[in-house]
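# Understanding the architecture of this molecule
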Amino acid sequence: MTLCTSRSTQRLSILLAVIALAVVPTHLPATESSAHILIGPNASAMEQYAARELQRYLYQVSGAFLAIETAKPDGKLSGWVFLLGTRESNPLIAKLAEEGQVDISGSDPGPRGYLLKKVGQASRLPSPTETLVIAGSDAVGCLYGVYGLLEDYYGIGFYLGGDVLPDKKTPLKLPDVDERKKPAVAIRGFLPWTNFPQSATSYSWQDWKFILDQMAKMRMNFLHIHNYNGEAGHNEMFHNVTHDGITPRVWMATARSGHAWGGRPGWDPNQYRFGASDLFDDYDFGADCARHNENLSNEQAFRKGVSEFQKVIAYAHTRGVKIGLGLDIDLLPPELKEKKIKADDPQLVSTRVGQVITDYPDLDYLLCFQSESIFEDKARYKVWHDVFDSFYKAIKERAPHIRLAVAGWGINAEDVASLPPDVICAPISKYSAGCENGAIYGTREYWGCPWLERDGGSSEYYYPYNLHLWETIQAWKSRAPNLKGFYCLTWRLTDAIDPKMSYMAKVAWSDAGKYASSEQVYREYAKRNYGPAAARAITKIINQNEPFASDWGECMATPPFAEPGATAGYLLNIATFSVHPK
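Residues numbered from 1 in each chain as written. Predicted model: local features only at pLDDT ≥ 70, side-chain atom pairs only at ≥ 80, totals over all residues. Heavy atoms only, no water.

## Quick word on the pattern of salt bridges
Pairing between side chains becomes possible if they bear opposite charge and their charged atoms approach one another. Note the following rule: In what follows, salt bridge is the name for a side-chain nitrogen of Lys or Arg lying within 4 Å of a carboxyl oxygen of Asp or Glu. The way it works is that DSSP assigns letters per residue, a run of H or I at least four long becomes a helix, a run of E at least two long becomes a strand, and they are numbered from the N terminus. Any residue under 20% of the maximum accessible area for its type is buried, any over 50% is exposed, and the rest in between are partly exposed; the area is computed with a 1.4 Å probe on protein chains only.
Applying the stated criterion across every chain yields a total of 22 salt bridges. The closest approach of N and O atoms between arginine 180 and aspartate 108, which form a salt bridge, is 2.4 Å. With arginine 180 in strand β8 (residues 178–181) and aspartate 108 in the loop between α3 (91–99) and β4 (114–119), this pair connects stretches of sequence that are 72 residues apart. Exposure remark for aspartate 108: the relative accessible area of 29% places this residue in the partly exposed category. The closest approach of N and O atoms between lysine 514 and glutamate 524, which form a salt bridge, is 3.9 Å. Taken together, the residues span a long stretch of sequence, with lysine 514 in the loop between α12 (497–506) and α13 (518–530) and glutamate 524 in helix α13 at a distance of 10 residues. On the accessibility criterion, lysine 514 (42% relative accessible area) is partly exposed. On the basis of relative accessible area, glutamate 524 is assigned to the partly exposed category, the value being 26%. If you follow the salt bridges from partner to partner, you end up with Glu151, Arg219, Lys506, Lys514, Glu524 and Arg528 in one network.

Laid out in structure tokens, this is it:
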């Protein structure tokens with residue numbers, strides 16, 4: 001039988017073959033003997049993930065696709081080997097440790113620490129091999145060791161905006177390395193404040209996963225989400241309570257809803273002008289849990305928020321990231337305030353605690369905020385302390401694995417001194433790029449939290465945000481011994497925030513003095529993101545904006561968009577626009 005094909009079919013077949021060759025990994029030998037990645041027979045899910053990450057990034061920078069294999073004590077090794085795992089999970093790492101070629105244990109370097117070491121032919125290994133050991137004190141340390149190796153020795157940049165790879169592939173080599181690292185503080189991360197659309201208010205599930213993946217690559221391990229519970233009527237979606245038959249409405253701002261604060265109007269994205277509507281495939285834009293809730297009951301809308309946060313906690317733990325939930329414990333949603341219900345009502349407090357520990361049994365930290373509007377109101381401080389005492393007792397009895405912290409917009413040392421000694425002091429700084437060094441809180445565990453940008457007071461929407469990186473650097477350099485956490489508040493995660501966040505991630509892993517100035521931070525960022533040739537010019541542009549371009553970009557201040565009564569004398573105000581339908 002003769003099979004006839006048309007010329008167009010032949011062309012299509014050739015095209016498909018070319019595409020197939022392009023997308024299938026090319027298995028290139030790393031050396032004359034093929035390289036391997038060896039994990040232990042007891043490798044945890046995180047160690048297996050670390051091996052896959054090492055495999056894919058080495059392929060991207062070198063073109064060499066390394067097989068992942070399971071190490072056996074009596075197996076034969078040849079060529080180059082990336083030996084990955086912990087002393088407990090990988091028998092070959094245990095053998096090297098017994099020989100004294102590597103020094104690794106659960107306590108040394110310590111939690112989340114790792115060792116990178118190139119070793120030669122090991123006498124007790126079954127056959128000669130040149131090996132690069134990536135050993136963690138624990139599984140998270142193993143994952144961090146992979147990312148530390150890739151960033152420090154293979155030229156990959158990890159940022160919240162994405163990965164930056166070298167311009168060209170180079171032949172795979174095993175670097176000469178012998179280092180041990182552990183973070184200078186246990187908690188390293190950020191708080192993406194939820195009330196503006198450029199923040200966690202609008203994260204999709206894909207956004208959450210991407211951010212958590214990047215955090216792991218940057219060796220950050222703490223994500224703090226603050227949930228408003230009544231400030232100016234704002235009741236967000238991850239915490240709520242049903243009391244006396246009342247379930248308050250939860251929500252987060254979307255494009256269609258607008259924002260309750262200041263009367264910011266909503267707008268259907270399909271009505272955006274100048275072709276901007278083509279960027280949206282829905283009648284609304286915002287967080288997955290916040291959209292399409294118009295026809296849901298209050299309880300149904302709240303369950304959507306709970307479901308999303310449950311997934312965030314579970315996924316974060318697969319990447320070594322701990323989750324903290326911040327609540328304004330002295331405030332209540334409008335529906336409860338209208339009924340004259342008090343925040344310190346014992347039954348209400350018990351129900352609030354019950355919601356947290358029932359819906360989030362794997363939550364790591366609960367941060368009890370002194371609300372922003374409390375200021376020096378002594379009566380409100382007393383209410384807050386009464387509520388906190390009830391929260392503390394209930395958490396200790398019902399969910400002792402959840403660590404409690406006190407937070408707020410700066411906290412007086414006197415307010416903290418009366419709290420139980422195991423309560424962490426973790427305030428966001430008082431609208432500053434710096435933070436307390438911790439000494440005023442004595443020996444209590446303290447987490448510093450500078451701001452990387454401000455939510456008001458500047459009309460510069462790219463550079464900078466009225467806050468200077470050098471203040472954050474000084475805060476780190478002056479830290480007291482009780483500073484055990486260093487995280488930051490921001491809304492955006494990319495643009496001008498990208499190099500600042502890179503500093504927050506790296507400083508706890510770096511030698512003292514490496515990032516002594518904002519110029520050093522920006523130079524490293526510019527070199528990796530713009531190339532050595534442009535780095536000098538880019539560094540100067542970025543760094544000079546720190547002290548000189550942090551105020552109004554016009555002759556007078558631009559008011560918030562659509563602010564009533566602010567319609568004259570400004571270069572831009574949406575309230576003055578006249579928008580006509582298509």
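## Focus on the packing of aromatic side chains
Inclusion rule: Two rings from Phe, Tyr or Trp (for Trp, the six-membered ring) form a pair when their centres sit within 6.5 Å of each other. Planes less than 30 degrees apart are called stacked, planes more than 60 degrees apart edge-to-face, and all others tilted. Charges are assigned to positions over rings by a cutoff of 6 Å between ring centre and Lys NZ or Arg CZ, combined with an angular limit of 35 degrees from the ring normal.
Scanning the entire structure with this criterion turns up 29 aromatic pairs. Relative to tryptophan 509, the ring of tyrosine 144 has its centre 5.6 Å away and its plane inclined at 85 degrees; by these criteria the two rings are edge-to-face. Residue tyrosine 144 is found in helix α4 (residues 139–153), and its partner tryptophan 509 is found in the loop between α12 and α13; the two are separated by 365 residues along the sequence. The same class applies to tyrosine 144 and to tryptophan 509, which are both buried. Through successive ring pairs, a cluster of aromatic residues spans Trp193, Tyr228, Phe369 and Trp409. One Lys or Arg, arginine 219, reaches over the ring of tryptophan 509 and ends 5.2 Å from the middle of that ring. One cation-aromatic arrangement involves arginine 479 over tryptophan 476; the distance from NZ or CZ to the ring centre is 3.7 Å.

## With respect to the environment of phenylalanine 65
Its location among the elements puts phenylalanine 65 in the loop between α2 (45–62) and β2 (67–70). On the basis of relative accessible area, phenylalanine 65 is assigned to the partly exposed category, the value being 22%. Between the alpha carbons of phenylalanine 65 and glutamine 55 there is a distance of 6.6 Å; along the sequence they are 10 residues apart.

## Concerning the nonpolar core
Using the following cut-off: The definition of a nonpolar core used throughout is a set of buried Ala, Val, Leu, Ile, Met, Phe, Trp, Tyr and Cys residues joined through side-chain atoms within 4.5 Å. Whether two residues are in contact is decided by their heavy atoms: any pair within 4.5 Å suffices.
If you look at the biggest cluster of nonpolar residues, it comprises 131 residues, and the most contacted ones within it are Phe82 and Leu366. With 9 residues, the top contributor of residues to this core is α4. If we skip the residues at most four places from it in the chain, leucine 366 touches Leu325, Leu327, Val356, Phe391, Ile395, Ile402, Arg403, Leu404 and Ala405. Counting 22 residues, the second largest nonpolar core, distinct from the first, contains Leu191, Tyr228, Ala426 and Ala433.

## Quick notes on the sheet that holds β2
Rule in force here: Here a strand pair is declared whenever DSSP counts at least two bridges between the two strands. To obtain an axis, a line is fitted to C-alpha atoms, over the contacting stretch when the element is a helix, and the angle between two such axes runs from 0 to 180 degrees between their N-to-C directions.
The mixed open sheet is built from 6 strands, whose spatial order is β2-β1-β3-β5-β4-β8. Across the chains shown, the open sheet's two edge strands, defined by having one partner strand only, are β2 and β8. For this sheet, the mean inter-axis angle between neighbouring strands, taken without regard to orientation, is 20 degrees. Pairing geometry for strand β3 (residues 80–85) and strand β5 (residues 130–136), over 6 bridges, is parallel. Note on β5: the bridge partner recorded for leucine 84 is isoleucine 134. In this fold α2 packs onto β1 (36–39), β2, β3 and β5, with an angle of close to 145 degrees to the strand it touches most, β3. Helix-sheet contacts for α3 involve β1, β3, β4 and β5, and the interaxial angle to β3 is about 95 degrees.

## Remarks on α13
Here is the rule: To estimate the expected span of a helix, count its residues, drop one, and scale the result by 1.5 Å. By definition, the arc is the one covered by directions from the helix axis to the C-beta atoms.
Between its first and last C-alpha atoms α13 spans 17 Å; for 13 residues at 1.5 Å apiece the expected length is 18 Å, and the two agree. Turning to α13, its buried residues number three or more, namely Ser518, Val521, Tyr522, Tyr525 and Ala526. The buried residues of α13 occupy an angular sector of 125 degrees when the element is viewed end-on, so they sit on one face. The first or second residue beyond α13 is glycine 531, which carries a positive phi of 95 degrees.

## Some points on the pairing of β1
Alternating residues of β1 divide into His36 and Leu38 and Ile37 and Ile39, and every residue in both groups is buried. By the bridge criterion, 3 bridges tie β1 to β3 in an arrangement that is parallel. Looking across to β3, one finds that leucine 38 is bridged to leucine 83. Bridging between β1 and β2 involves 4 bridges; their strand directions are parallel. The residue bridging isoleucine 37 from the neighbouring strand is isoleucine 68, located in β2.

## Quick notes on unusual backbone geometry
Put simply, aspartate 108 and proline 109 share a cis peptide bond, and its omega is 10 degrees. Looking at the element boundaries, proline 109 is found in the loop between α3 and β4. In this model, lysine 340 sits at a positive phi of 65 degrees, which is unusual for a non-glycine residue. Counting through the fold element by element, lysine 340 comes out in the loop between α7 (334–337) and α8 (346–359).

## What about the layout of surface pockets?
Formally: Using only the protein atoms, space was sampled on a 1 Å grid; points where a 1.4 Å probe fits but cannot get out form cavities, open sets with protein on both sides within 12 Å along at least five of seven lines form pockets, and lining residues are those with an atom within 4 Å of a point. Grid points are joined across faces, edges and corners, and a volume is the space filled by probe spheres set on the points.
Considered as a void within the structure, the second largest pocket measures approximately 610 Å³ in volume. Along the wall of the second largest pocket there are 24 residues; nearest its centre are Glu151, Asp152, Lys506, Glu524 and Arg528. Per-element accounting of the lining of the second largest pocket gives the leading share, 5 residues, to α13.

## What to know about the pairing of β4
As judged from the 6 bridges shared by β4 and β5, these two strands associate in the antiparallel manner. When the sheet's bridge partners are listed, lysine 117 is paired in β5 with valine 133. As judged from the 4 bridges shared by β4 and β8, these two strands associate in the antiparallel manner. Directly across from lysine 117, in β8, lies its bridge partner aspartate 178.

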